[in-house]
Structures are given as structure tokens and as C-alpha cells.
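Spelled out from the first residue to the last, the chains are:
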Amino acid sequence: MKDLNILLKALKNGDVSAFERIYANHYEKLCYYLLNYTSNKAKIEDVVQDTFMGLWSKRKDITITTSLKSYLYRTAYNKLIDTYRKGKKKDEMLSAYYHTAVMRAVNLDNDLKNERLKKLEACIDDLPTKCKTVFMANKISGKKYSQVAEDLDISIKTVEGHISKAYRLIKNCMNINKVSV
């Protein structure tokens, strides 16, 4: 205990050799201790280094009431917990940004889809009357070519011609009025 008090007094006075002794005696032990809480060796080494850097930089103001060992273990543990808390906050923040970005992309995608559907409806509305009637009966109502031909009293070849013409006109209309992303 007397040696410890002398060592702490030397540390407070800025004695580098006292600091080196403390570092040599406790560095490895602190690393092993923190292995109880994480297996991330890089994080452990960073935390232990930060613990000793804090010890050196605050050496004049430090008051150790228990023991140096207890002080170092408690400090290292608290620093490790702080790194996880900061990491968790960062992860939560990144997750919120990601969620916002995804929602914007979905909304943009929905807006684009809605705009394209409006354009498609306008293009279908612009079809010639007979062509539009045949197209709507087949593609929207789901009737077969033979049923459309019978309902409209036209041949199946005429139905095929109107469907082909509708596709061509719709494609041209959609390309002319292309939605920009």
C-alpha cells in the first residue's frame, strides 16, 4: 500500500517512469478483464489505451479512494460501455436515415408509378373509338378475342388488328410523353 501511495504521488508529479510501471502492471490485466464483456480485441485495446491516456492527462486531479486497480477497472469498464452507447446511438441514427431514404424512394417510386398510370390512361383515352372499345374489352375486361369478336360482330382478325394498333399507339404515346426520373 505504501508503494502504491508513492507510485500515485510520483504519477501526480508527472513521473513518466511511475506511469510506465502502472501501464506495464495493468495493461494486459485490463484487456483480459474486458474480454468478459466483448470479444472485439481492437475495441478492448482502444478502451484500455483511452483509460491510460485519461489517467495520464488527469493525473493531477485524480483522487483514488479505493485502489488504483479498482479505479482502472471501473474506468475501463465505463469507457467500454460508453463506446457501446455511442455506437448504439450512431446505429439508431443511421437506421433512421436509412428508413427515411427508403421511404423517400418508395414515395418517389409510387409518384412515378402514379404518373405513368395517368399517362397510360390518357394514351388509352386517345385511341380511336373502335380500337379503344376492342382494347378495353380484351385487356381491361379480360374477354377472349373470340368473345370480343362475337360481342362487337367483327372477325377475330379484326380484333387482333385493333389490339396490335392499340399497343403501337399506346407505346408511341408513352414514349412521346416519357416520364423523367
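The rules behind each value
Residues numbered from 1 in each chain as written. Predicted model: local features only at pLDDT ≥ 70, side-chain atom pairs only at ≥ 80, totals over all residues. Heavy atoms only, no water. pLDDT = per-residue confidence, 0-100. Helix = DSSP H or I, 4+ residues; strand = E, 2+ residues; numbered from the N terminus. Buried < 20%, exposed > 50% of the residue type's maximum accessible area, 1.4 Å probe, protein only. Contact = heavy atoms within 4.5 Å. Expected span 1.5 Å × (residues − 1). Arc of directions from axis to C-beta.

K.L.:
What is the right way to read the confidence of the model for the chain from this model?
P.N.:
If pLDDT is low for a region, its predicted coordinates should not be looked at in detail. Averaged over all residues, the pLDDT of the chain equals 84, while 91% of them reach at least 70. When pLDDT is averaged over each element of the chain, helix α6 (residues 145-152) comes out on top at 92 and helix α1 (residues 2-12) at the bottom at 75.

K.L.:
When you look at the environment of Ala76 in this model, what are you seeing that I'm missing?
P.N.:
Within the element layout of this structure, Ala76 appears in helix α4 (residues 68-125). Looking at Ala76, the relative accessible area reads 0%, which means it is buried. The spatial distance from the C-alpha of Ala76 to the C-alpha of Asp46 is 9.9 Å, given a sequence separation of 30 residues. Leave out the neighbours within four places in its chain, and Ala76 touches Leu30, Leu34, Val47 and Thr51.

K.L.:
Explain helix α7 (residues 156-176) here, please?
P.N.:
Note: α-helices contain 3.6 residues per turn, so residues at a spacing of three or four share the same orientation. Here α7 is 21 residues long and its end C-alpha atoms lie 30 Å apart, about the 30 Å a rise of 1.5 Å per residue gives. Among all positions of α7, only Val159, His162, Ile163, Ala166, Ile170, Cys173 and Met174 are buried. Within α7, the buried residues cover an arc of 100° as seen down the axis, which keeps them to one side. Away from its buried face by more than 90 degrees, α7 exposes Lys157, Lys171 and Ile176.

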